[in-house]
Amino acid sequence: MCIRDSLKGMGVKKGDTVAFLCRNFESHLLAHYGVPLSGGVLVSINYRLSAPEIATIVNLSGAKVMFVDAGVADRVNPADLPNVKTYINIYDGRDYYGETPKKELPGVGFEEFIGKASKEYIKLELEDENDLIAIDYTSGTTGNPKGCMYSHRSTYLHALTKIIEHSVNAYSVYLWSLAMFHCNGWCWTWAVAGVGATSVCMPAPDAPEMWRLIDKHKVTHMAGAPVLFYRLGQYMDEHGIEKFPNKIIINNAAAPPPEAMLIDMEKKGGEIRHAYGLT
């Protein structure tokens, strides 16, 4: 794991927090493995928050290393982050969208960073299954963001439960319609890889792009709030698309699903299964 080896090479040790502000790019998915394997604790941050809110989370977590998607880097003000010593700029948006980075922070690019990885074998520093794997923060609706500590034990039990409850297997294709920063993608970040299934990354939810990827990759699983699937259903109706190319199991949560959306998704070949977050 290049992220693991590079982090270890720069001095990240067991229990150190590593902040990640990024859309649903491959680098963000890799971080869910590379950071814990280094012994570090992943802090995946909502890129839709304001700069002061993001600064609060980074400072509360004590992160000294921060990975930042260049497409949302305008939300990061280094002057407000005195503890961060190293920034790694992620340019995946340039490859995906052809977009120009909104801001480049003083540091190195992601590819350059992982290119410096040591080739020596580094053993995982996990002494107890209750050691931290991640800290997830609320958006701070009723005050400052609050952190929830998540353990390796919770993660593997949650991933196994997800695999069983949502019928995930090695032939499954999961579409990243749900933000990876949201409770670590409701643990889909680990569940998909747990059975060797396929992840199809999509930087941010968008109905036309969702349909394109569903049709192209024959997606079997996706997750998100009810409004996401309502908009997808609308798009399909507007373009005369009656059904999904195959059955899709939909992990729906975050709000009570309206009856009309449930009926519409089932009519189109979807199967709604409700669950939520870290629980």
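Structure's up top.
Notes on the structure follow.

1. Regarding the overall build of the protein
Then comes step 1: Per the secondary structure count, the protein includes eleven helices and twelve strands.
Then comes step 2: Taken over the C-alpha trace, the protein has a radius of gyration of 19 Å; the compact-globule value for 279 residues is 19 Å, and the two agree within 12%.
Then comes step 3: Seen through its C-alpha atoms, the protein measures out along the principal axes to roughly 55 × 40 × 40 Å.
Then comes step 4: The contacts in the protein between residues at least 6 apart in sequence include a share of 67% that link residues at least 24 apart.
Then comes step 5: Of the accessible surface of the protein, which amounts to about 12800 Å², a share of 54% is contributed by carbon and sulfur atoms.

2. What to know about the pattern of salt bridges
Then comes step 1: With the rule as written, the count across this model stands at twelve salt bridges.
Then comes step 2: For Glu129, the salt bridge identified is with Arg153, shortest N-O distance 3.1 Å. One end of the pair, Glu129, is in the loop between helix H5 (110–115) and strand S6 (132–137); the other, Arg153, is in helix H6 (residues 152–165), and 24 residues separate them in sequence.
Then comes step 3: As a salt-bridge pair, Lys267 and Asp264 come within 4.0 Å of each other at their nearest N and O atoms.

3. Regarding the nonpolar core
Then comes step 1: Core analysis: the largest hydrophobic core is formed by 39 residues, its most contacted members being Leu7, Phe67 and Trp188.
Then comes step 2: Take this core: its biggest share by element is four residues, from helix H8 (residues 188–194).
Then comes step 3: Setting aside chain neighbours within four positions, we find Phe67 in contact with Ile3, Leu7, Val18, Ala19, Phe20, Leu21, Ile88, Ile90, Phe110 and Phe113.
Then comes step 4: Counting residues in hydrophobic clusters, the runner-up holds 24 residues, among them Ala19, Leu49, Ile57 and Val68.

4. Focus on the pairing of strand S3 (residues 65–69)
Then comes step 1: Taking burial as the measure, the five residues of S3 include five buried ones, the bulk of the element.
Then comes step 2: Burial of the side chains of S3 extends over both faces: Val65, Phe67 and Asp69 are buried on one face and Met66 and Val68 on the other.
Then comes step 3: Sheet topology note: the S3/strand S4 (residues 86–90) ladder contains five bridges and is parallel. Looking across to S4, one finds that Phe67 is bridged to Ile88.

5. Brief notes about a nonpolar patch on the surface
Then comes step 1: A surface patch of nonpolar side chains, about 270 Å² in accessible area, is lined by Tyr156, Leu157 and Leu160.
Then comes step 2: Note on placement: Tyr156 falls in helix H6.

6. Some points on the state of the cysteines
Then comes step 1: Inspection of every chain in the model, using the stated rule, returns zero disulfides.
Then comes step 2: Left unpaired, Cys148 is separated from the closest cysteine sulfur, that of Cys183, by 7.7 Å.
Then comes step 3: Among the residues examined, Cys183 registers a relative accessible area of 15% and is labelled buried.

7. Considering the packing of helix H9 (residues 207–217) against helix H10 (residues 226–238)
Then comes step 1: Across the interface, H9 lies against H10 with an axial gap of 9 Å and an inter-helix angle of 75°. For the element pair H9 / H10, the angle class is roughly perpendicular. Within the contact between the two elements, H9 uses Ala207, Pro208, Met210, Trp211 and Ile214 and H10 uses Leu228, Phe229, Arg231, Leu232, Tyr235 and Met236.

What counts, and where the lines are drawn
Residues numbered from 1 in each chain as written. Predicted model: local features only at pLDDT ≥ 70, side-chain atom pairs only at ≥ 80, totals over all residues. Heavy atoms only, no water. Helix = DSSP H or I, 4+ residues; strand = E, 2+ residues; numbered from the N terminus. Rg over C-alpha atoms; globule rule 2.2 N^0.38 Å. Contact = heavy atoms within 4.5 Å. Areas by Shrake-Rupley, 256 points an atom, 1.4 Å probe, with all protein chains shown as cover. Salt bridge = Lys/Arg side-chain N within 4 Å of Asp/Glu carboxyl O. Core = buried A, V, L, I, M, F, W, Y, C linked by side-chain atoms within 4.5 Å. Buried < 20%, exposed > 50% of the residue type's maximum accessible area, 1.4 Å probe, protein only. Pairing = 2+ DSSP bridges. Patch = residues over 30% accessible without salt bridge, like charges linked within 9 Å, V, L, I, M, F, W, Y side chains within 5 Å. Disulfide = S-S within 2.5 Å. Axes fitted to C-alpha atoms, helices over the stretch in contact; angles between N-to-C directions. Parallel < 35°, antiparallel > 145°, perpendicular 65-115°, else oblique.

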